[in-house]
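Fold and geometry: a report
Below are the chains, spelled out letter by letter.
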Amino acid sequence: MTARSTSVALALLLALVGCDTDTDLSDDTLRSGGHGHHGHGHGHHGHGNGHGHGHGHGHGPKGPIYPDADWKVGDPEKHGLSEEGLADMAAVAEGWGTSCMMVIHDGVLVGEWYWDGYDRHTKISNVFSATKSITSTLVGIAQDEGDLHINESAANYIDSWEDTPSEEVKIRHLLSNASGRFWSFESDYFGLMPAPDQTAYALGLQQQFEPGEVWEYNNAAIQTLATVLENATGEDLADYAEEKLFEPIGASATIGFDPSGKPLAYQGLSASCDDMARFGYLALREGRWKNKQVVSKQWLKKATKSSTDLNDAYGYLWWLNREGNIVEPSFPERVEYEGQLVPAASDKVFTALGAFGQLVIVDPEEEYVIVRLENIPDVNAALATCPDPKGLSQLEEILTAFEAAKI
């Protein structure tokens, strides 16, 4: 491989994977056994700052708090977090080149930090594989509405797979990365990503293993879910995501497209920190947003549990902090071990994870949502300087620092 082709190839590896406290906080009371916090930002070129107004309702007869245009803002110590600990966490995030970070507890914004001119609503051009958790949720909505069932053969919606070995692949196999569809490092990064029509490339690959036999972080297999969803619902994937998910939660995120104009399911989502915080909070609230059940509670519970014995750390396109046998994305070597992604954190934590540490971390036990995003304008430069493009090191360091910030 030439030096130039190596540089191009490296550029294709990306798909792997504070605010001013309200003067009156009298209604910001302790809920759900948690506490609260408010963190001041630390920035590359100045201090982070936050804005917010009280909206929504507290737990109890009125139900949980939800944001309207803005999040309710709370004092960190009322939400179990120290200012000093949050400052340490922000310093860790800054060291990774973070663009924006938000911490939500029990529906209250308790810390936000911005760098290099970003704010809560600045779009990150690509959250990379954090997109996969969006796709998982869209599949859940389609199942809730009776358009598909994950125990069906994916070939019911992919004509070219009929009467082939891929007819045995169920939709749940695609969601759990145990489809057995063809995978190689070269194909997934040097074949799929530069392809003008990435969906056609993914659909055209062959069956390599029996479904359910091998776990592999297979971007091409996940991309085929775009075809499944569009044929099952009869809607363009981007329009479906806007109608069924983004609009109901007040998010401005948009699905990405390949050069042929086909929507992407495995990466490509453009979203702000606020957009991803809303998505994480939807997951924390088990699919409910105010008075609307956007996706069923049953789906979120299923999607955020181990989907296969082949990898205890993976649900349906969500990463889990469950202890057990862990298989990381092959980048390019396969990494498999017994342990836990973040030993310092609860084994109930689950995360939408994208390349270079795009993170939506959800802790359902203590009701925290943490969002950390980094805009990557130059992938080659990022690959040359980032010690862990997969994002797992960022997850461990930032979440460990957050755990240390708890009072």
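In this text the structure is predicted, and so the values were computed from the model without any measurement. (Residues numbered from 1 in each chain as written. Predicted model: local features only at pLDDT ≥ 70, side-chain atom pairs only at ≥ 80, totals over all residues. Heavy atoms only, no water.)

The next subject is helix H8 (residues 237-249). Between the first and last C-alpha of H8 there are 17 Å, a value that for 13 residues agrees with the 18 Å anticipated at 1.5 Å per step. The axis of H8 is deflected most strongly, by about 40°, at Glu243. Among all positions in H8, only Leu237, Ala238, Tyr240, Ala241, Lys244, Leu245, Phe246, Pro248 and Ile249 are buried. Buried residues belonging to H8 abut helix H3 (131-144), helix H7 (219-233), helix H9 (273-284), strand S6 (288-289) and strand S7 (292-293). Two to three positions downstream of the cap, the backbone nitrogen of Ala238 sits 3.0 Å from a side-chain oxygen, assigning the N-cap of H8 to Asp236. Looking at the residues trailing H8, positive phi occurs at Gly250, about 75°. (Helix = DSSP H or I, 4+ residues; strand = E, 2+ residues; numbered from the N terminus. Expected span 1.5 Å × (residues − 1). Bend = angle between axes of the 7 residues up to and from the residue. Buried < 20%, exposed > 50% of the residue type's maximum accessible area, 1.4 Å probe, protein only. Contact = heavy atoms within 4.5 Å. Polar contact = N/O pair within 3.5 Å; in protein donor to acceptor, adjacent residues only side chain to side chain.)

Right, let's get into the nonpolar core. By size, the foremost hydrophobic cluster in this structure holds 119 residues, and its most contacted members are Leu148, Ile171, Leu245 and Met276. The contacts of Leu148, once residues within four sequence positions are left out, are Val139, Ala142, Gln143, Tyr157, Ile171, Val228, Leu229 and Ala232. Core analysis: the second largest hydrophobic core is formed by nine residues, Trp96, Phe128, Val379 and Leu383 among them. (Core = buried A, V, L, I, M, F, W, Y, C linked by side-chain atoms within 4.5 Å.)

Let us look at the sheet that holds strand S3 (residues 108-114). In spatial order, the strands read S1-S3-S2-S13-S12-S11-S8; together these seven strands make up an open sheet with mixed pairing. Looking at strand neighbours, the two that pair on one side only are strand S1 (72-73) and strand S8 (319-320), the edges of this open sheet. Pairing geometry for S1 and S3, over two bridges, is parallel. Bridging across to S3, Val73 finds its partner in Leu109. Contacting strand S2 (100-105), strand S11 (350-354), strand S12 (358-363) and strand S13 (368-373), H9 crosses the sheet at an angle of about 150° to S13. (Pairing = 2+ DSSP bridges. Axes fitted to C-alpha atoms, helices over the stretch in contact; angles between N-to-C directions.)

Now for the pattern of salt bridges. Oppositely charged side chains may form a pair once their charged atoms are brought near each other. Evaluation of the coordinates by the stated rule reveals 19 salt bridges. A salt bridge links Glu367 to Arg285; the shortest N-O distance between them is 3.0 Å. Separated by 82 residues along the polypeptide, Glu367 in the loop between S12 and S13 and Arg285 in the loop between H9 and S6 bring together distant segments of the chain. By relative accessible area, Glu367 is classed as buried at 13%. Here Arg285 falls in the buried class, since its relative accessible area comes to 13%. With a closest N to O distance of 2.6 Å, Glu328 and Lys390 form a salt bridge. You can see Glu328 sitting in the loop between strand S9 (324-327) and strand S10 (336-339) and its partner Lys390 sitting in the loop between helix H11 (379-385) and helix H12 (392-405), a full 62 residues away along the chain. Lys390 carries the same exposure label as Glu328, and that label is buried. Salt bridges sharing partners connect three or more residues here, namely Asp363, Glu366, Glu403 and Lys406. (Salt bridge = Lys/Arg side-chain N within 4 Å of Asp/Glu carboxyl O.)

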